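Descriptive structure summary
Read off the chains here:
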2 protein chains.
Amino acid sequence: MSGNLVTDPGRATELAEAEQPPSESFGVTPSQRHLSAGQLLFREGAASAGVYRLQTGRVRLFRSTPTGIQVAMHTVRRGELFAEASLFSARYHCDAVALEPSEVLVYPKRPLVQSLREHPERLWIFTAELARRVQGLRSRAEIKQIRSASERVLQFLALVCDASGVWRQEGTLKQLADDIGLTHEALYRTLARLEHEGRIVRLEGALRLRRQLP
Amino acid sequence: MSGNLVTDPGRATELAEAEQPPSESFGVTPSQRHLSAGQLLFREGAASAGVYRLQTGRVRLFRSTPTGIQVAMHTVRRGELFAEASLFSARYHCDAVALEPSEVLVYPKRPLVQSLREHPERLWIFTAELARRVQGLRSRAEIKQIRSASERVLQFLALVCDASGVWRQEGTLKQLADDIGLTHEALYRTLARLEHEGRIVRLEGALRLRRQLP
DNA sequence: CGTCACATTGATGCCTCTCAAAGCTTGTGG
DNA sequence: CCACAAGCTTTGAGAGGCATCAATGTGACG
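Computed from a predicted model, the values in this text were never measured in an experiment.

Brief notes about the overall build of chain A
Assigned secondary structure in chain A consists of five helices and 11 strands. Residues counted as buried form 51% of the 214 residues belonging to chain A. Entry remark: accessible area of chain A is about 9500 Å², with carbon and sulfur atoms responsible for 51%.

See the structure below:
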C-alpha cells in the first residue's frame, strides 16, 4: 500500500540530523540568505515568511516570556530544517538570531504550502522528515538526561556507531562535548578513563566501542 | 491560501504535550489495548503494525545496539503519540515496553496510511501535530540542558506560565521534577529557596513567577 | 485507624563544572 | 622556512551543587 513513497530513514541517522543529505526541496526552489553574527532572521509575532534550512553557521531560537525573561528554545545545527511550525501558523512563535556568520536556505511559505497541498506525495515526504526529527530529538533528549558522563558517552556511541562499533567523528571532540551536553574537559577525561578501562578504543578521528564481556 | 486548515497550536501548549485534547483520530477508529507492567508492545525489527497513543501508564522505547547495549530512546508520556515513524517504515526501529499497567490506543497502520493518503487535509493535520511536537521536544531539550536547578525551574515556569506569570500544575510536584530532570528533593529545595528569595510565589496547586525588578 | 503516596528537610559524598596551564596541530604572513 | 597566532587537546587542583540515603510530616482513602 505504501508503495514507493515509503521512506525508511534507516537506523544510523537518528542522532545525525545535521548529516542528512541535502534532501528534498519539496517542489520549491529555495533562495539563499547570508546572516552576519548577531543578525535577526525573524522575530516573534512577525508574519511567518517560510521555513529555513541552516547550511553553515549557528542559529538560535529564543522566546520572550510573559515575565520578560528570554528563553533559549533551540540551537539549530548544520543541515537542520527549522521554523517548520510556521507553515501551520500565521506568525512566528520565537525569535531567530544568528550566533555566527551563517548561510540559510529559505523556503518561502506560500509556494511551499501550495506545493505541499497540491502534491500530497511531497507532503508525505515532508511529514516523514518531521517524524524522523521527532525520533532524533527524543533520543537526544534521553541521552542528555543521563547524569554520568561515562554512561552518557557510552550510550551515545552505542546509538550512533555502526555494526562494528565504530563511530567516525565529523567535527571536533569539543563539538561532540557540546552535542551531548558535557564540557570538553569532562569529555576528554571521560574518554581517557573509558579507554583505560578498556571499554572503548580511540582511533584516528574515530571511536570504537568494545563489546563488553559478560 | 492556507484557509481553514491552518492549525495554530498557540503559545502555551509547547511543553504540555501530555495535556493535549484527545485530538484527531485522523479518520481512523482506534482500538484500545491494555498492557500489564513489563509487557512488550512491539519489538525492534517486527513489521510495523501502527501508531499508538498512550492514555494512561508509562511506556518506554528501547533500542538494542550493535554492541549489545540497550539504550532508552524515549519514555512516553500520557496523551502522547508514539511510533509515528512506523508509518514511513516497514519495521519498528525499537522495542516498546510498558513500565506500568498502561492503556494505549492503537491506530492500525494500513487504514491510517490509506486515510492520510486519500485525505490530504488529514495528513496536513497529522503533520501539524508532528511540527508542534518538534517544537515541544526542542524546548524540553533546551530546558534540561540547564545545569542549575533554580535556573531550570525558572526557565520552565517562564516558558509555560500565562500572561500573569501563573502556572497551574496538572499533576504532582514529583512528576514535575521528573519532567524537568530533577530529583523531587532537589525540586522541593529549589522551590523553597526561590520563594524565600522572592522570585516565585507558591499558591494552591500553582506557582507564580514574579517579574524581576531591574 | 492504618496504609500509601506525596511533601519536606537534614546530612553526606561524589561528580562535574570552573579556572588554569601546558602541549599539540594548523594555518598565515613575513 | 621560520615565527607567531589561534584553536583543539590534555591534565591538574579546587569547589559547588545535585544525587543519594534517611527521617518525619501530611493528606487521602478504604
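Having seen it, we continue.
Description of the sheet that holds strand β2 (residues 40-42) of chain B
Here we have four strands laid out as an open sheet, ordered β2-β7-β4-β5 (chain B), and antiparallel in their pairing. Two strands in the sheet have a free side with no partner beyond their single neighbour: β2 and β5 (70-76) of chain B. Sheet twist, expressed as the mean angle between neighbouring strand axes with direction ignored, is 30°. Strand direction decides the pairing type here: strand β4 (residues 59-64) of chain B and strand β7 (residues 95-98) of chain B, joined by four bridges, are antiparallel. The partner of L61 of chain B across the bridge, within β7 of chain B, is A96 of chain B. Sheet contacts for helix α2 (residues 120-145) of chain A: β4 and β5 of chain B; angle to β5 of chain B, the most-contacted strand, approximately 110°. Across the sheet, helix α3 (residues 149-160) of chain A touches β4 and β5 of chain B, and the angle it forms with β5 of chain B is around 95°.

Digging into the pattern of salt bridges
Residue and element names in this part refer to chain A. Across all of its chains, the model carries 16 salt bridges over all chains by this definition. Close ionic contact of E100 with R58 constitutes a salt bridge, the shortest N to O distance being 3.2 Å. You can see E100 sitting in the loop between β7 (95-98) and β8 (102-108) and its partner R58 sitting in the loop between β3 (50-56) and β4 (59-64), a full 42 residues away along the chain. Here E100 falls in the partly exposed class, since its relative accessible area comes to 32%. Across the pair R133 and E80 runs a salt bridge whose closest N-O atoms are separated by 3.8 Å. Taken together, the residues span a long stretch of sequence, with R133 in helix α2 and E80 in the loop between β5 (70-76) and β6 (81-82) at a distance of 53 residues.

What to know about the relation of the copies chain A and chain B
A rotation about some axis, followed by a shift along it, carries one copy of the chain onto the other. If you rotate chain A by 180° and push it 0.0 Å along the axis, it lands on chain B with an RMSD of 0.2 Å. Accordingly, the operation relating the two chain copies is best matched by a two-fold axis. Interface overlap between copies: 99% of the residues of chain A at the interface are likewise at the interface in chain B, consistent with a symmetric, same-surface contact.

Comments concerning the protein's contact with DNA strand C
For DNA strand C, the set of nearby residues contains 18 residues, the closest of which are A149 and A186 of chain A together with R147, Y188 and R189 of chain B. One nitrogen or oxygen atom from the side chain of E185 of chain A is found 3.1 Å from a base nitrogen belonging to DNA strand C. Here a phosphate oxygen of DNA strand C and a backbone polar atom of L173 of chain B are 3.2 Å apart. Listed by contribution, the elements that provide at least two residues to the surface near DNA strand C are α5 (184-196) of chain A together with α4 (173-179) and α5 (184-196) of chain B. Counting residues per element, the surface near DNA strand C draws most heavily on α5 of chain B, at four residues.

Notes on the sheet that holds strand β9 (residues 166-168) of chain B
Residues and elements named next belong to chain B. Overall, antiparallel pairing links the three strands, which are arranged β9-β11-β10 in an open sheet. If you trace the sheet from one side to the other, it starts and ends with β9 and β10 (200-203), each paired once. Ignoring strand direction, the axes of neighbouring strands in this sheet form an average angle of 20°. Note that β9 and strand β11 (residues 206-209) share three bridges and pair antiparallel. The partner of R168 across the bridge, within β11, is A206. Set on the sheet, helix α3 (residues 149-160) makes contact with β9, β10 and β11; between it and β11 the angle comes to about 95°. α5 rests against β10 and β11 of the sheet, and its axis sits at about 115° to β10.

What counts as what
- Every residue gets a number counted from 1 within its own chain, in the order that chain's sequence is written.
- Just so you know, chain letters begin at A and ligand numbers begin at 1, following the order they were written in.
- At least 70 in pLDDT is required for a residue's local features to be given in this predicted model, at least 80 for side-chain atom pairs to be given and counted, and no such filter applies to totals for whole chains, interfaces and linings, which use all residues.
- Computation of side-chain values: all heavy atoms of the structure, hydrogens and water removed.
- Numbering goes from the N terminus for both helices and strands, where a helix is a DSSP run of H or I of at least four residues and a strand is a run of E of at least two.
- In this scheme, a residue with accessible area under 20% of its type's maximum is buried, one over 50% is exposed, and one in between is partly exposed, where area comes from a 1.4 Å probe on protein chains only.
- Only the protein chains shown count as cover for residues, and all accessible areas are computed by the Shrake-Rupley method using a 1.4 Å probe.
- Whether two strands pair depends on DSSP finding at least two bridges between them.
- Axis definition: a line fit to C-alpha positions, over the contact stretch in the case of helices; interaxial angles, taken between N-to-C directions, run 0 to 180 degrees.
- The contact criterion used is simple: two residues touch if any of their non-hydrogen atoms lie within 4.5 Å.
- The rule for a salt bridge is simple: a side-chain nitrogen of Lys or Arg has to be within 4 Å of a carboxyl oxygen of Asp or Glu.
- The atoms used to superpose the copies are C-alpha atoms, taken from residues with pLDDT of at least 70 in both, and the fit is least squares.
- Note on definitions. A residue lies near a molecule or strand when any single heavy atom of the residue is within 4 Å of it.
- Under the rule applied, a polar contact is a pair of N or O atoms within 3.5 Å (in protein, one hydrogen donor and one hydrogen acceptor; residues adjacent in sequence only if both atoms are side-chain atoms).

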